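One-letter residues, chain by chain:
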Amino acid sequence: MHDVIILGAGGAGLFCAATAGQMGVRALVIDHNHQPGQKILISGGGRCNFTNVGAVPDRYLSENKHFARSALSRYTPADFVDLVRRYNIAFHEKTLGQLFCDGSAKQIVAMLMDECSAGGVDFSFGTAITDVSHADGLFTVTTTSGVFTAPNLVLATGGPAIPKLGATGFAYQLGKQFGLKIIPPRPALVPFTLPGTENLFRELAGVAAEVVAMAGKSAFREAALFTHKGLSGPAMLQVSSYWRHGEAIAVDFLPDAPADWLISAKRQRPKAGLKSVLGSALPERLATALADTLGQGLGISGDMASQKDAALTAAMQRLKAWAFRPDGTEGFAKAEVTAGGIDTAGLSSRSMAANHIEGLFAIGEAVDVTGWLGGYNFQWAWASGHAAGTAIAERVHK
């Protein structure tokens, strides 16, 4: 018999198992995939953006915005970096505090498996779960590889984002079974789709530009990418987590330009056309599309000298907050993570334990905590896994 059964061999499950195992807990990890760390392996273009130096609580979304604070404060990016360094895994910092392996994401999975090995963790891969029950203080997990029991059970199977990797909503099914509420899951860090009325921008597929993208009160300055379906790129993925269906998003195509930029251009380049002026700051195809649209809407044509200041001011206002109204997103198939999930109101922020069933824990992406793009969700996996693993060890040894 084991002290804990952990469902899911992703980042959170493996880290929880390693933490508990090295504290003397007999741990078993069960996963329907044949290999551990499927999402880790494809992350960061295969180089695993394993954390972010700026992983602070206000960069996470949750119905309870303070829930992540406890776990994140007790296992920090610096703690994980120390572990990576102990394994002599070379890494580098890219933009905005993102840390990537110099080599392969396989190094991170191998490190986690070595940490589990040091804790004597058992594994059952390629194993489908057919039933989970709880009685007399024990959880019983019936699988295609046998029946396993333990006084502690960890839900670490993530959310439904990237189903081709085997992702499902299984954690929500079990959460409901055990009386936990579920915040409706939705795709996050996901490209937008645009309706047919935005055909102009379909012609820009493949064009990227640095912008400020805004949804509600949230704004991100990063690259935006036009696609055949709509809008993608880091800026769009970031605001997608804050967007709600039916809302507009706004894009500042000229984040470094002051409000009077076009009027100044009229004085400095009176013989230039709007297309040429925009082309000095934006990719040519994008400048052309924006100039054509502004020309039709505001009657701007000819050289800058012939434009009224009022028309140029109106054009600039639009360029600084260009409205798009997506008709949806590319869904869980293209989402990097899932927003929503097991309601944190039913969990302890210190231990990740369910409040009403002793020995039940939920961690990682299965929980209603979603980080920004750029290593934040991995840091939540490590931090929540560490919190649960430590709490399980305390419970086993008390």
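Note that the structure is predicted; figures quoted are calculated from it, not measured.

**Q** Give me the lowdown on the overall build of the protein chain, citing residues and values where you can.
**A** When helices and strands are tallied, the protein chain shows 13 helices and 22 strands. Structurally, the protein chain occupies a C-alpha span of about 85 × 40 × 35 Å along its principal axes. For the protein chain, buried positions account for 55% of its 398 residues. Total accessible area computed for the protein chain in this model is approximately 16,600 Å², and 52% of it derives from carbon and sulfur atoms. Counting 34 positive and 33 negative side-chain charges, the protein chain places the centres of these two groups 5 Å from one another.

**Q** Break down the sheet that holds strand β1 (residues 4-7) for me, citing the residues and quoting the values.
**A** The 5 strands are arranged β7-β2-β1-β11-β21 in an open sheet whose pairing can be described as parallel. Two strands bound the open sheet, and with one partner strand each, they are β7 (122-124) and β21 (360-362). Across this sheet, the average inter-strand angle for adjacent strands is 20 degrees, counted without regard to direction. Where strand β11 (residues 152-155) and β21 come together, 3 bridges link them in parallel fashion. Counted as the bridge partner of L155 is A362 from β21.

**Q** Residues and numbers for the state of the cysteines, please.
**A** Applying the stated criterion to the full structure yields 0 disulfides. C16 takes part in no disulfide bond, and the closest cysteine sulfur to it belongs to C116, at a distance of 9.3 Å. Assessed through its relative accessible area of 0%, C16 is described here as buried. The closest cysteine sulfur to the non-disulfide-bonded C48 is located on C101, 5.3 Å from its own sulfur.

**Q** Outline the pairing of strand β8 (residues 129-135), listing residues and values.
**A** Note: β8 against strand β9 (residues 138-143), 6 bridges, orientation antiparallel. By the bridge assignment, A135 is partnered in β9 with L138. The loop that links β8 with its antiparallel partner β9 comprises 2 residues; one of these, D136, has a positive phi angle of about 55 degrees.

**Q** So what's going on with the packing of helix α1 (residues 11-21) against helix α13 (residues 376-397)? Which residues, and what values?
**A** Two elements in contact, α1 and α13, have axes separated by 7 Å at closest approach and are oriented at 35 degrees. In this structure, α1 meets α13 at a crossing whose hand is right-handed. Of α13, the residues touching α1 (which contributes G11, A12, F15, C16, T19 and A20) are A381, W382, G385, H386, A388, G389, T390 and I392. In the contact of α1 with α13, the residues fall into 8 nonpolar, 6 polar and no charged.

Definitions and limits used
- As a convention, each chain's residues are numbered from 1 in the sequence order in which they are written.
- Only residues with pLDDT of at least 70 get local features here, since the model is predicted, and only at 80 or more are side-chain atom pairs given and counted; chain-wide, interface and lining totals rely on the full set of residues.
- Hydrogens and water molecules were not included; the side-chain quantities draw on all heavy atoms of the structure.
- We count a stretch as a helix when DSSP gives it H or I for four or more residues in a row; a strand needs E for two or more, and each element gets its number in order from the N terminus.
- Relative accessible area decides the class of each residue, using a 1.4 Å probe on protein chains only: under 20% of the type maximum gives buried, over 50% gives exposed, and in between gives partly exposed.
- Using a 1.4 Å probe, the Shrake-Rupley method yields the accessible areas, and only the shown protein chains count as cover for residues.
- A residue counts as positive if it is Lys or Arg and as negative if it is Asp or Glu; His and the chain ends are not included.
- Charge positions are represented by NZ for Lys, CZ for Arg, CG for Asp and CD for Glu.
- Only strands joined by at least two bridges in the DSSP assignment are considered to pair.
- Only the stretch in contact is used when fitting a helix axis, every axis being a line fitted to C-alpha atoms; angles between N-to-C directions are given from 0 to 180 degrees.
- Any cysteine sulfur atom paired with another within 2.5 Å is treated as part of a disulfide.
- For a crossing to be left-handed, the near helix must be turned anticlockwise from the far one by less than a right angle; the clockwise case is right-handed.
- We call two residues contacting when some pair of their heavy atoms lies within 4.5 Å.
- For this scheme, ten residues count as nonpolar: Ala, Val, Leu, Ile, Met, Phe, Trp, Tyr, Cys and Pro. Four count as charged, namely Asp, Glu, Lys and Arg, and the remainder, Gly too, count as polar.

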